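# Summary of structural features
Residues per chain, in single letters:
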Amino acid sequence: MTVSLDLGRRVLGGAMMATLLTLLWLQSPAVRAQQKERAVNLYSSRHYSSDQELYDSFTRQTGIKVNQIQAGDEALLERLKSEGKASPADVILLADAARLWKAQNEGLLQPANSALLRTAIPQEFQADQLWFGLTTRARLIVFDSAKLKAEQVQRYEDLANPVLKGKVCTRSGTHPYMLSLLASIIAHQGEQKAEAWAKGVVANLARTPRGGDTDQIKGVISGECTVALTNSYYLVRLLKSPKAEERESAARLGVVWPNQMNSGTHINISGGGIARYAPHPEEARRFLEFLASPAAQAQLANSNNEWPVVRNVPISNPELTRLGQFKAEKLSVSDFGKHQPAAARIIDRAGWR
Ligand code: FE
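This text gives an overview of the structure that appears in the document. (Residues numbered from 1 in each chain as written. Predicted model: local features only at pLDDT ≥ 70, side-chain atom pairs only at ≥ 80, totals over all residues. Heavy atoms only, no water.)

## Points about the state of the cysteines
For the coordinates displayed, the defined rule picks out 1 disulfide. What pairs with C169 in a disulfide is C225, and their sulfur atoms sit 2.0 Å apart. With the S-S dihedral at roughly -80°, the linkage between C169 and C225 falls on the left-handed side. Separated by 56 residues along the polypeptide, C169 in strand β7 (residues 168-169) and C225 in the loop between α10 (213-222) and β8 (227-231) bring together distant segments of the chain. On the basis of relative accessibility, which here comes to 1%, the residue C169 falls in the buried class. (Disulfide = S-S within 2.5 Å. Helix = DSSP H or I, 4+ residues; strand = E, 2+ residues; numbered from the N terminus. Buried < 20%, exposed > 50% of the residue type's maximum accessible area, 1.4 Å probe, protein only.)

Written out as structure tokens, the structure reads:
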């Protein structure tokens with residue numbers, strides 16, 4: 001080292017030597033890392049405006065900018081596939097376990113290698129360091145308590161009972177929330193019973209499936225439907241609506257945690273992982289770790305009415321807390337992905353469009 005520097009002093013003038021040293025310093029890995037734009041590119045199918053506040057607090061804490069592209073789960077997966085190695089995506093957030101499983105199966109994710117995520121997130125809500133659940137939601141039965149007794153709709157199975165002919169509303173069976181519910185029924189009861197159930201529900205429909213979960217709840221409120229399926233946070237959102245008449249009519253609905261006496265209520269997750277070709281994998285890992293932090297977990301629960309996936313995070317959301325405790329199904333959410341192809345075939349045969 002000394003020799004080459006002495007040689008350098010002799011051969012090069014002082015100014016040139018300084019330039020050379022600067023260039024060498026600029027090429028050191030530590031400096032290159034600092035110079036790279038501190039950003040994380042997020043592909044997200046979460047469609048909740050309150051998420052932006054969360055991303056802003058990540059930027060304030062870390063100096064890492066969040067660039068977000070929002071689209072549906074399926075559109076994001078297609079985009080990632082077509083972009084291939086040139087994809088700018090660092091983090092992928094999806095709102096359904098089966099879609100995360102699909103991203104994993106199609107090789108669109110890389111391991112996060114995060115001890116923090118591995119230990120903070122319960123085992124049943126993560127898969128091989130490739131993706132991690134961040135929030136949970138339950139699929140509830142809501143009904144018109146003037147027309148039905150709660151005892152008549154205690155289980156998902158009850159929705160296929162012919163006594164409910166012309167009374168049931170759901171969104172399309174092809175939506176991920178319905179496919180994952182059916183996948184869970186396949187996991188608990190097998191394909192044959194799941195298919196009989198799907199056909200029974202279709203025979204009971206009050207109308208051709210249309211709209212999202214909120215439209216099903218509103219169908220019960222308007223009287224077009226007597227009983228419907230919805231994710232828990234859509235109900236809580238109506239219970240907290242700025243419109244008094246929405247709050248009041250939501251509060252009058254009958255609500256059932258399905259299947260408390262057998263398999264437990266179906267729960268799904270929203271979650272994420274690091275994109276296979278992430279240009280900023282380190283920032284991506286920090287972003288996911290941030291979302292699993294107690295503060296971010298509480299914020300997700302308080303603002304979007306989901307449950308934290310991390311245990312024992314205190315939340316402050318009276319309308320959500322008032323829904324009470326329930327027995328959730330005991331399945332690894334990876335199972336929804338495994339049974340997804342069978343669920344899609346059943347939906348197709350049942351004509352649950
Ligand atoms: Fe949703």
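## Considerations on the packing of helix α4 (residues 51-62) against helix α14 (residues 294-304)
Any two packed helices are characterised by the angle at which their axes cross and by the distance between the axes. Close contact between α4 and α14 brings their axes to 10 Å; oriented N to C, the two are set at 165°. The angle between α4 and α14 falls in the class roughly antiparallel. Our pair here, α4 against α14, has a crossing hand that is right-handed. Here D51, E53, L54 and S57 of α4 come into contact with α14, specifically with A296, Q299 and L300. Here the contact of α4 with α14 is built from residues that sort into 3 nonpolar, 2 polar and 2 charged. (Axes fitted to C-alpha atoms, helices over the stretch in contact; angles between N-to-C directions. Parallel < 35°, antiparallel > 145°, perpendicular 65-115°, else oblique. Left-handed = near helix turned anticlockwise from the far one by under 90°. Contact = heavy atoms within 4.5 Å. Nonpolar A, V, L, I, M, F, W, Y, C, P; charged D, E, K, R; others polar.)

## Looking at the coordination of the iron ion
At the metal site, the iron ion is ligated by Y177 (OH), Y233 (OH) and Y234 (OH), and these contacts range over 1.9 to 2.1 Å. All donors to the iron ion come from one chain, and their sequence spacing reads Y-x55-Y-Y. Residue Y177 is located in helix α8 (residues 176-189), and its partner Y233 is located in helix α11 (residues 232-239); the two are separated by 56 residues in the primary sequence. As far as the burial class goes, Y177 and Y233 line up, both buried. (Donors = N, O, S within 2.8 Å, 3.2 Å for Na, K, Ca; no water.)

## What about the packing of aromatic side chains?
Counted by the stated rule, this structure contains 8 aromatic pairs. Between W257 and F326, the ring centres sit 4.0 Å apart and the planes meet at 10°, which makes this aromatic pair stacked. Of this pair, W257 sits in the loop between β9 (254-256) and β10 (267-275) while F326 is found in the loop between α15 (318-322) and α16 (334-338), placing the two residues 69 residues apart along the sequence. Note on W257: relative accessible area 15%, which makes it buried. Summarising the aromatic geometry, the rings of W307 and F326 are spaced 5.4 Å apart at their centres and angled 50° between planes, so their arrangement reads as tilted. Of this pair, W307 sits in strand β11 (residues 307-308) while F326 sits in the loop between α15 and α16, placing them 19 residues apart in sequence. Owing to a relative accessible area of 15%, W307 belongs among the buried residues under this scheme. By relative accessible area, F326 is classed as partly exposed at 24%. Among the aromatic side chains, those forming a connected cluster through ring pairs are Y55, F58, F287 and F290. (Phe/Tyr/Trp six-rings, centres within 6.5 Å; stacked < 30°, edge-to-face > 60°.)

Geometric values such as these leave the question of function open.
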